[in-house]
Amino acid sequence: MFDFTNQVVLITGAGSPNGMGRVFARDFAKLGAKVILVDINQAGVDANVKELRDAGYKADGYEANLTDEAAVKKLVADVVAADGHIDVLINNAGISQKVTVADMTLDDMKRIFNVNMFGLFLLTREVCEVMKKQKYGRIVHLSSVSGKRGGGVFGGAHYSASKAAVLGFSKNLAREVSEYGITTNCVAPGLINTHIWKSMPAEQAQKVIDTIPMGRAGEPEEVSAAVVFLASKEASYITGEEIDINGGSHMD
Ligand SMILES: NC(=O)c1ccc[n+]([C@@H]2O[C@H](COP(=O)([O-])OP(=O)(O)OC[C@H]3O[C@@H](n4cnc5c(N)ncnc54)[C@H](O)[C@@H]3O)[C@@H](O)[C@H]2O)c1
C-alpha cells in the first residue's frame, strides 16, 4: 500500500525549514515519488531539495509566487516539460497574521486570500488540466481547524475565512473533476508543532494546550500520514472530504 513509484508529487510551500511541506516531501519521496518542491523562498527550496537528494531521493525545486498567474502557468508547463506528468498536488503554501477584525485592513484581507485561496485556485486550475489528460490525479489542500471553528490558535478572521473557502472550493471541484479520475480532499490540522508554535510564548502556548483533549500539539508527521493516504491510489473513493487532525480540539 501507499506506493508512489513513478508518480510526480508537487508540493507547494515546501521551502520552509521547519514547516510541514518539508515533511510531506520526505514522506512521499520515501514512498518512491519524484517530489517537486515549490515555494516563493528559493533558498529554502534549494536547501530542502539538497537534503532529499543527499539522502538519495528524487527531488526538484522551483521558485514561484503562487499569486502570480503567469508564474503559475510557467511552473506547471516547466514541470510537465521535465517530468511529463503530475499525479499528486499538495496545496500547502499558506500565510497567516494575528489581527482582530477591528484592526484588520482591506489589504490584510486581500493579502491572506491572495495566497491561501487565489494562489491555490490558480495552481489547482492549471494542474487539473494536466490531470484531466492523464485521467488520474489526487489533490490535497491544507485547510485548518480555524476554517471550521473560527480561529482559536493564531491568525485572524481573514485566515479562518480563507481556510473555510478552501473547503468549499475543494467540494465544488470534486463534482467537476470526478469523471476524470481526479479526487480533491482537504486536511484540517489543529495546532501543529512548526515554527509558529515554537515561537509562541510559553504562557500563551499552555492556554492553547489546555483546550486540546490530547494535551499536546500535533507533529507534522501526523498530518503527513493523512495527506499521504488521501493522495494514494488506495483513497480512490474519497473526494470532497476533509480529515480533521487536531487532537480532539474540534470534533464534527
Ligand atoms: N502550523 C500549523 O499549526 C497549521 C495548522 C493548520 C493549518 N496549517 C496550514 O498548513 C500549511 C503549512 O503550514 P506550515 O506551518 O508548515 O507553514 P510554513 O509557514 O512553514 O510554510 C508555508 C510556506 O508557504 C510559502 N509561501 C507563502 N506564500 C507563498 C506564495 N505566494 N507562493 C509560494 N509559496 C508561498 C512560504 O514561503 C512558506 O515556506 C499552511 O497552509 C497553513 O496555513 C498550519
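Everything discussed here concerns the structure shown above.
Residues numbered from 1 in each chain as written. Predicted model: local features only at pLDDT ≥ 70, side-chain atom pairs only at ≥ 80, totals over all residues.

(A) Representation of the overall build of the protein in the model. Within the protein, the secondary structure is distributed over nine helices and seven strands. For the protein, the C-alpha radius of gyration of 17 Å lies close to 18 Å, the compact-globule estimate for 252 residues. Every one of the 252 residues in the protein was classed for burial, and the buried ones make up 46%. (Helix = DSSP H or I, 4+ residues; strand = E, 2+ residues; numbered from the N terminus. Rg over C-alpha atoms; globule rule 2.2 N^0.38 Å. Buried ≥ 20, exposed ≤ 12 C-beta atoms within 10 Å, placed from the backbone.)

(B) Quick peek at the site of the ligand. Around the ligand, the surrounding shell holds 30 residues, and the nearest of these are Gly13, Ser16, Gly19, Gly94 and Ile192. At the level of secondary structure, the elements contributing two or more residues to the shell around the ligand comprise helix H1 (20-30), helix H4 (106-134) and helix H7 (195-198). With three residues, the single largest contributor to the shell around the ligand is H7. Counted by class, the shell around the ligand contains twelve nonpolar, 17 polar and one charged residues. (Near = placed C-beta within 6 Å. Nonpolar A, V, L, I, M, F, W, Y, C, P; charged D, E, K, R; others polar.)

(C) Fine view of the packing of H1 against helix H9 (residues 220-231). The interhelical angle for the contact between H1 and H9, taken along N-to-C directions, is 55°, at an axis separation of 9 Å. Considering the angle they form, H1 stands oblique to H9. At the point where H1 passes H9, the crossing takes the right-handed sense. Contact residues: H1 offers Met20, Val23, Phe24, Asp27 and Phe28, while H9 offers Pro220, Glu221, Val223, Ser224, Val227 and Val228. Residue classes in the contact of H1 with H9 are distributed as eight nonpolar, one polar and two charged. (Axes fitted to C-alpha atoms, helices over the stretch in contact; angles between N-to-C directions. Parallel < 35°, antiparallel > 145°, perpendicular 65-115°, else oblique. Left-handed = near helix turned anticlockwise from the far one by under 90°. Contact = placed C-beta atoms within 7 Å.)

(D) Inspection of H4 at higher detail. The end-to-end C-alpha distance of H4, which contains 29 residues, comes to 40 Å, matching closely the 42 Å that a straight helix rising 1.5 Å per residue would cover. If you look at H4, its biggest bend is around 45°, right at Asn114. After H4 finishes, the residue Lys135 shows a positive phi value of roughly 60°. (Expected span 1.5 Å × (residues − 1). Bend = angle between axes of the 7 residues up to and from the residue.)

(E) Representation of helix H3 (residues 69-83) within the structure. Here H3 spans 21 Å end to end across 15 residues, near enough to the 21 Å set by a 1.5 Å rise per residue. Listed as buried for H3 are Val72, Leu75, Val76 and Val79. For H3, the arc enclosing every buried residue in end-on projection is 90°, short of the 170-degree limit, so these residues lie on one face. Turned more than 90 degrees away from the buried face of H3 sit Ala70, Ala77 and Ala81, all of them exposed. Structurally, H3 contributes buried residues whose contacts are with strand E1 (8-12), strand E2 (34-39), strand E3 (58-63) and H4. (Arc of directions from axis to C-beta.)

(F) Examining the nonpolar core more closely. Core analysis: the biggest nonpolar cluster contains 63 residues, and Val9, Leu10, Ile11 and Val35 have the highest contact counts within it. For this core, the element with the highest residue contribution is H4, accounting for nine residues. Discounting residues that sit within four places of it in the chain, Val9 has contacts with Phe4, Phe28, Ala33, Val35, Ile36, Asp87, Val88 and Ile90. (Core = buried A, V, L, I, M, F, W, Y, C linked by C-beta atoms within 7 Å.)

(G) Spatial organisation of the packing of H4 against helix H6 (residues 157-177). Contact geometry for H4 and H6: axes closest at 9 Å, N-to-C directions at 20°. When the axes of H4 and H6 are compared, the pair comes out roughly parallel. Crossing of H4 against H6: the hand is right-handed. Here H4 contributes Asp108, Met109, Ile112, Phe113, Asn116, Met117, Leu120, Phe121, Thr124 and Cys128 to the contact with H6, which in turn contributes His158, Tyr159, Ser162, Lys163, Ala165, Val166, Phe169, Leu173 and Val177. Among the residues forming the contact of H4 with H6, the class breakdown is 13 nonpolar, four polar and two charged.

(H) Highlighting the sheet that holds strand E5 (residues 137-142). A sheet is described by the order of its strands in space; here seven strands give the open sequence E3-E2-E1-E4-E5-E6-E7, paired in parallel fashion. A single partner strand is all that each edge strand has here, and the edge strands are E3 and strand E7 (242-245). In this sheet, neighbouring strand axes are inclined to one another by 15° on average, regardless of whether the strands run parallel or antiparallel. Here strand E4 (residues 88-91) runs beside E5; their pairing, made up of four bridges, is parallel. The residue of E5 that forms the bridge with Val88 is Arg138. (Pairing = 2+ DSSP bridges.)

(I) Main features of the environment of Pro213. Here Pro213 shows up in the loop between helix H8 (202-209) and H9. Residue Pro213 is classed as exposed on the basis of its C-beta count, with 10 C-beta atoms lying within 10 Å. For the pair Pro213 and Ala102, spaced 111 residues apart in sequence, the C-alpha to C-alpha distance is 31 Å. When sequence neighbours within four positions are dropped, the list of residues in contact with Pro213 reads Gly247, Gly248 and Ser249.

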